[in-house]
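Structural description and commentary
What follows is the residue order along each chain.
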Amino acid sequence: NGQRYGYIAEIKRIDRFATLADIKNQYTRYGDQLLLVAPRVTTELAEKCRELDLQFIDTAGNAYMHGPGLFVLVKGQRFIEGEDIQLAEQQGKRAGTATNLRVFFALLCKPELLNAPYREINQAAGVALGTVGWAFNDLNARGLITGGKGKGDRVLLERLRLVQEWVTNYPIKLRPKLNPRKFRAPKTDWWKKVDITKYGVQWGAEVDAEKLTAYLRPHALTIYLHKEQGQKNLTRMVAEHKLRADPQGDIEILDAFWDFQDEEPMPETVPPLLVYADLIATLDPRNLEAAKLIHEKYLATNDTQA
């Protein structure tokens, strides 16, 4: 009827459900003005967008849009295979390696490292010294940081974009490399009175969400083990709490991939960015709600000092 509708567009290639949930959380302040613009949205992704109430359009003519006097839902429009190959290759190069993800995590969690000596960064990220320079080259090439020629002049320009990229890639590029192991405990509430840090480990995911938001009752437990504490402490924790190996268990133990030595004593929870990424990757509605609260409280700012 000649009415105009204004949107704020987030232009992004989408190939995973977790990316949709993260976009919805990151831009919740825009409400019904947010519009995802993507090269390709499959029927399954379109259904997830509708479930999340995330409006979108793609280049094949698929769309979900609504407003006063407006409702559009088109899905299943076929996309010509091969048209997005070049874009996919470009995105793949930019997504970063598992090693780059370690460096980016350290920079996002500890903004003061942005202009620290490379040796401090490689220690915090647990990577080889030469890797740090390649990570900065990648960030520079994509316009995510500027500076670096003089002392202390490096600036992170798009923190939220880097957060979104990290959350999307962590579950598929870095997490599987963290030696995941599954266990089960004889009592589901065993964790509530445990001083977890004495074993050189930290809680992640659902337990962290409960501690950070007081919103979520944990069903699954995620634990990150710091390597310097060694297998001995892990064995002691397993023995003292009668944990038994079980591929279908609700306790997952992974190797920690960072070393923030300034954290003394060790906190019992991992950094909020990692909590958020693990929650988003589950696609569990309970966890997505908790992730939204964590994002709003700890991550929803472009300030590099946040």
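Now for a look at the structure at hand. Just so we're clear, the structure is a prediction, and the values are computed from it rather than from any experiment.

**Concerning helix H8 (residues 205–213)**
- Every buried residue belonging to H8 is among Ala-205, Glu-206, Val-207, Asp-208, Ala-209 and Leu-212, and all of these are buried.
- Where H8 is buried, its residues touch strand S9 (201–204), strand S10 (221–225), helix H10 (272–282) and helix H11 (285–299).
- Among the residues trailing H8, Ala-214 stands out with phi positive, at a value near 55°.

**Some words on the sheet that holds strand S1 (residues 8–11)**
- Pairing is mixed across the open sheet formed by five strands, whose spatial order is S1-S2-S3-S4-S5. Edge positions in the sheet fall to S1 and strand S5 (70–74), since each has one partner strand and no second. For this sheet, the mean inter-axis angle between neighbouring strands, taken without regard to orientation, is 25°.
- As defined by bridge partners, strand S3 (residues 56–58) adjoins strand S4 (residues 63–67) across two bridges and the pair is classed as antiparallel.

**Considerations on the nonpolar core**
- Within the largest apolar cluster, 68 residues are counted, with the highest numbers of intra-cluster contacts made by Leu-36, Trp-166, Tyr-170, Tyr-224, Phe-257, Trp-258 and Leu-274.
- Residues Trp-190, Val-201, Leu-243 and Ile-251 belong to the second largest nonpolar core, which totals 19 residues.

**What to know about the environment of Pro-267**
- As for its position among the elements, Pro-267 is in the loop between strand S12 (251–255) and H10.
- For Pro-267, a relative accessible area of 28% translates into the label partly exposed.
- Residues Pro-267 and Gln-202 lie 65 residues apart in sequence; the distance between their C-alpha atoms is 7.2 Å.

**Examining the pairing of strand S8 (residues 181–184)**
- Only one face of S8 is covered, namely the one carrying Arg-181 and Phe-183; the face carrying Lys-182 and Arg-184 has none of its residues buried.
- Across three bridges, the pairing between S8 and S12 is antiparallel. Residue pairing across strands places Lys-182 opposite Glu-252, the latter belonging to S12.
- Relative to strand S11 (residues 244–245), S8 runs antiparallel, the two sharing two bridges. Bridged to Phe-183 within S11 is Ala-245.

**Points about helix H7 (residues 159–174)**
- Its 16 residues place the ends of H7 only 20 Å apart at the C-alpha level, less than the 22 Å of an ideal helix rising 1.5 Å per residue.
- Of all the bends in H7, the greatest reaches close to 35° and is centred on Thr-168; the proline Pro-171 follows between one and four positions later.
- With respect to burial, H7 is a largely interior element, 12 of its 16 residues being buried.
- Within H7 the residues assigned to the buried category are Arg-159, Leu-160, Leu-162, Val-163, Gln-164, Glu-165, Trp-166, Val-167, Thr-168, Asn-169, Tyr-170 and Leu-174.

**Notes on the pairing of S9**
- Along S9, one buried face is formed by Val-201 and Trp-203 and the opposite face, lined by Gln-202 and Gly-204, is buried too.
- The pairing of S9 with S10 spans four bridges and is classified as antiparallel. Considered in S10, the bridge of Gly-204 is made with Thr-222.

**Focus: the packing of aromatic side chains**
- Scanning the model with the defined rule gives 13 aromatic pairs in all.
- Pairing Tyr-118 with Phe-136 gives two aromatic rings, centres 5.8 Å apart and planes at 20°, and the pair type is stacked. A residue pair is termed long-range when its members are at least 10 positions apart, and Tyr-118 in helix H5 (residues 118–125) and Phe-136 in helix H6 (residues 129–141) qualify at 18 residues.
- Judged by its relative accessible area of 32%, Tyr-118 falls in the partly exposed class.
- Seen from their ring centres, Phe-257 and Trp-258 are 5.0 Å apart, and the 75° between their planes marks the pair as edge-to-face.
- Exposure remark for Phe-257: the relative accessible area of 2% places this residue in the buried category.
- Taking relative accessible area as the criterion, Trp-258 reaches 5% and is therefore assigned buried.
- Over the aromatic face of Phe-136 sits the side chain of Arg-154, whose NZ or CZ is 4.0 Å from the ring centroid.

Reading guide: rules and limits
- Residues numbered from 1 in each chain as written.
- Predicted model: local features only at pLDDT ≥ 70, side-chain atom pairs only at ≥ 80, totals over all residues.
- Heavy atoms only, no water.
- Buried < 20%, exposed > 50% of the residue type's maximum accessible area, 1.4 Å probe, protein only.
- Helix = DSSP H or I, 4+ residues; strand = E, 2+ residues; numbered from the N terminus.
- Contact = heavy atoms within 4.5 Å.
- Pairing = 2+ DSSP bridges.
- Axes fitted to C-alpha atoms, helices over the stretch in contact; angles between N-to-C directions.
- Core = buried A, V, L, I, M, F, W, Y, C linked by side-chain atoms within 4.5 Å.
- Expected span 1.5 Å × (residues − 1).
- Bend = angle between axes of the 7 residues up to and from the residue.
- Phe/Tyr/Trp six-rings, centres within 6.5 Å; stacked < 30°, edge-to-face > 60°.
- Lys NZ or Arg CZ within 6 Å of the ring centre and 35° of its normal.

Take it as geometry only, folks, not as evidence of what the structure does.
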